[in-house]
Amino acid sequence: MTGGDGRLSARYLPLGIVGVAAIIMIAAVALTGRVTVPRSVAPLMAQPPLPASVSQLAALEPLRGVPAYSLDGIVSSPSRVVVKTAGQAHSNVSAPRGQTLLFGGWAYDPVVLEPARAVFLEVDGKTLIPALYGNQRPDVASYFGDQSMAATGFIAPVRAGSLAAGPHRIDVIILSADGSGYYRAIDRVVLTETTSSRRGPGKGNARVSGAKGAG
Amino acid sequence: MRTPPGVQASRRTSILGLVTIVVAAGVVPALAFALVYRYTVDVPYIDEWTFTRLILGADRGHILWADAFAQRNEHRIFFPALLILGLSRLGGWSELRETLFDVGLVTLDLAILWRMIVSTLPARTVPYVFLGASLLTFSLVQVETLLWGMGSEWFVANLSALFALYVLTLRAPSASNVVVALGASAVSLFSLSAGLSLLPVGVLALLLRDPSGWRRASLWVAGSIVMLAIFLRGFNAHPGFPGRAGELATMFPQYVLAFLGGPLGTRNGTQPAEFLGMFSLAVIAIAAIRFGALRARGRSAEAYVPWLALCAFVVCDALLAAYGRAGLGIVQATSSRYATMATDLWFGVIALLVLLLADAWKAGRFAVRLVVPAAAVLVCGFAYLFVRAQFTGFRYIAEFTSPIQRGMLAVHDFPDPTDEQLSLLCPCPAYLRWSLPALAAAGDPQFEELVPVRSSSRAK
């Protein structure tokens, strides 16, 4: 660092560092420019409120047509995501009572070929559970060859302990992109609760079986 | 022709120094960039929610200037708000873009630190001190500021404070440079209240450099009064800040010490941080005495000025933080986000130690025998503390890697968000409203465990 080289680096290194900082800042913008997490507020605000119950859902128009969706994962705890079994039946997925089953998949509006307004799970025709919709699914976008399909993933939680023993029907409700109507998934998931558990009496497991993806 | 051995050694030293500099200026920022890209909390998080009104306003075509200037806790976050608004215009509001951009801001710190190091420290030590400064600058102790979008406030304030101190202590002493430094101080002050510390420290820096420079000091004081008047206009004391007098009396010194030692004393409670705080104050005191002695003998002591001023800035910031927040508990003093400012102190301490050891080296053979082991112990000690701090940072990062947990925690921290605010987090506010109590009731242990971690260190 002494002598001519040292003086040169002492003088020009700050310029180099500023250059590195500039590259980082440009990269920050360039890399995040491709992030398509839906954050655009205006279109969401302009739309009517989402249904909060089955009765409010009934006020919307049931749309005909084949729902474009797949229920491709069920997992027993929100911290252990995700069992992906795209297009295959679910079996032997269980969760201790009181924990949450997460249903994961993707869906979109099949008519306008855009992401849906929202996705819900309807449990036994009584309870409407909104799904976290808009997650990134690059595999779906790649499959359809359309990047607008990337933000079509959903995750919906169902509390295993809130369901009584026996079979349950869980329909996937897909709101159209404009929010005016909904598609009801033809395929269903049957949730059965078992009492066999290594955790001791009173802490049965909810077990999922017989799901079939439609996508 | 055979090259003399001394020249070869010098060349090797030179090449090693060059490699060290490249690592410090290029590799370390690149690694930080990759880490931030991988782990950023890409949702509005805790205090970031306060920006949603601004973002929404801008989205509708009008910027709420009063909102940008409004008081938030004890801060006015005007310039970072402008930065966030500007970045949000480049493709929507993205915390990832903000945090990656922040890495660029932190890298700019290195340019200033380089100028300070190369202007004051012995040439042989420059590359290695610079590497240390780079590693500290990007230390993972600051995960909160590095990985949350709200880190912009800290980094803008810190960068402008460093620049102001550099101009005051190392640029030509002139009125125009004082004005430039005042401008940088204004950016710092209106980014984070830590910028308040610059106002008294600026006078100190000017007088340390030139005890007869009262005209420039007066200019600085006049500018500071104007800035302070603007800052305090319509300012309301935050409820609960400062704490009760009794709490302040008992906790104040501990809080200050823990704040100062926070970047390196990261485990086993606050005592290691307090001890390191005491160590740093001892080094500053010894350096100040040495500086006074050199001045009294009419010898050059210019090299001490920027580092003493930098240390004074952080100590002043610690005093302010302790005055406002000691009542919230000492643990808060070691918060990750405070490490961004407190790290500046350690640049200063390391530089002062180098200067003191270099002075001792010149003192004679006996001193040389002491300097080498002392330097070795210090280097090993700092390396150990630094590595330990990085593990602490990694552990903290690990707790925020689940996107679902991140999203839920963000909502959990904001008790009553509007649908508009929630729609910034995800396109389905109903889901968030529904799922949070369900998740909490589900008793997921990981979810429950994270809550107290945040609760103890959430206020900025």
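Looking at the overall build of chain B
A tally of regular secondary structure across chain B gives 20 helices and two strands. Going through the 460 residues of chain B one by one, you find that 51% of them count as buried. For chain B, contacts bridging at least 24 residues in sequence account for 76% of all contacts bridging at least 6.

As for the pairing of strand β10 (residues 169-175) of chain A
All names here are of chain A. Within β10, five of the seven residues are buried, leaving the element largely enclosed by the surrounding structure. Bridge count between strand β6 (residues 119-123) and β10: five bridges; the pairing is antiparallel. Of the residues in β10, the one forming a bridge with V123 is I170. By the bridge criterion, three bridges tie β10 to strand β11 (residues 181-184) in an arrangement that is antiparallel. Considered in β11, the bridge of I174 is made with Y183. Hairpin remark: β10 followed by β11, antiparallel, with five residues in the connecting loop; positive phi at G179, about 80 degrees.

Re the nonpolar core
Core analysis: the biggest nonpolar cluster contains 136 residues, and I117, F259 and A309 of chain B have the highest contact counts within it. Take this core: its biggest share by element is 15 residues, from helix α5 (residues 95-120) of chain B. Apart from the residues within four sequence positions on either side, A309 of chain B is in contact with L165, L168, T169, V201, L204, A205 and L208 of chain B. In terms of nonpolar packing, the next biggest core, distinct from the first, is built from 30 residues, F103, L121, A151 and F154 of chain A among them.

Re the confidence of the model for chain A
Residue and element names in this part refer to chain A. This prediction gives chain A a mean pLDDT of 64; 49% of its residues lie at or above 70. Mean pLDDT across the secondary structure elements of chain A bottoms out at strand β13 (residues 205-209), with 37, and peaks at β11, with 87. In the predicted structure, residues 1-5 sits below a pLDDT of 50 and forms nine contacts with residues beyond four places in sequence or in another chain. Between residues 192-215, whose pLDDT stays under 50, and residues either more than four places distant or in other chains, the model counts 66 contacts.

A few points about the confidence of the model for chain B
All names here are of chain B. Taken over all residues, the pLDDT of chain B has a mean of 82, while the share at 70 or more is 78%. Element-level pLDDT for chain B is lowest in helix α20 (residues 445-455), with a mean of 31, against a maximum mean of 96 in helix α9 (residues 175-189). In this model residues 1-7 is a low-confidence stretch, pLDDT under 50, and it forms one contact with partners more than four residues away in sequence or in other chains. Of the regions scoring below 50 in pLDDT, residues 441-460 engages in 33 contacts with residues more than four places distant in sequence or in other chains.

Some remarks on the environment of L83 of chain B
All names here are of chain B. Structurally, the position occupied by L83 is in helix α4 (residues 78-88). C-beta crowding within 10 Å serves as the criterion here: with 20 such atoms nearby, L83 is assigned to the buried category. In this structure, the C-alpha to C-alpha distance between L83 and L182, residues 99 residues apart in sequence, is 20 Å. Other than its neighbours up to four places away in sequence, L83 contacts S152 and V156.

Considering α5 of chain B
With 26 residues, α5 of chain B should reach 38 Å at 1.5 Å per residue; the first-to-last C-alpha distance of 38 Å fits that figure. Buried residues dominate α5 of chain B, accounting for 25 of its 26 residues.

What about the packing of helix α14 (residues 304-325) of chain B against helix α15 (residues 339-363) of chain B?
Residues and elements named next belong to chain B. Relative orientation of the contacting elements α14 and α15 amounts to 145 degrees, with a least axis distance of 8 Å. The interaxial crossing formed by α14 with α15 has left-handed handedness. When α14 is examined against α15, the residues Y304, W307, L310, C311, F313, V314 and D317 are found in contact with a partner set consisting of M341, A342, D344, L345, F347, G348, V349, A351, L352 and L355.

Parameters at a glance
- Within any chain, residue numbers begin from 1 and follow the written order of that chain's sequence.
- All chains are assigned letters beginning at A, and all ligands numbers beginning at 1, according to the order in which they are written.
- pLDDT decides what is reported in this predicted model: residues at 70 or higher carry local features, side-chain atom pairs at 80 or more are listed and counted, and totals for whole chains, interfaces and linings draw on all residues regardless.
- Numbered from the N terminus, helices here are DSSP runs of H or I no shorter than four residues, and strands are runs of E no shorter than two.
- In this scheme every C-beta is placed from the backbone, and a residue whose C-beta has 20 or more other C-beta atoms within 10 Å is buried, one with 12 or fewer is exposed, and one in between is partly exposed.
- Note that contacts rest on C-beta atoms placed from the backbone: two residues are in contact if these are within 7 Å.
- For two strands to pair, DSSP has to find at least two bridges joining them.
- For our purposes the nonpolar core covers buried Ala, Val, Leu, Ile, Met, Phe, Trp, Tyr and Cys residues that link as a set through C-beta atoms within 7 Å.
- For every residue, the predictor reports its confidence as pLDDT, a number between 0 and 100.
- Take the number of residues in a helix, subtract one, and multiply by 1.5 Å to get its expected span.
- Every axis in this analysis is a line fitted to C-alpha atoms, fitted for helices over the stretch in contact. Angles between the N-to-C directions lie between 0 and 180 degrees.
- It is the rotation of the near helix from the far one that decides the hand of a crossing: anticlockwise by less than a right angle makes it left-handed, clockwise makes it right-handed.

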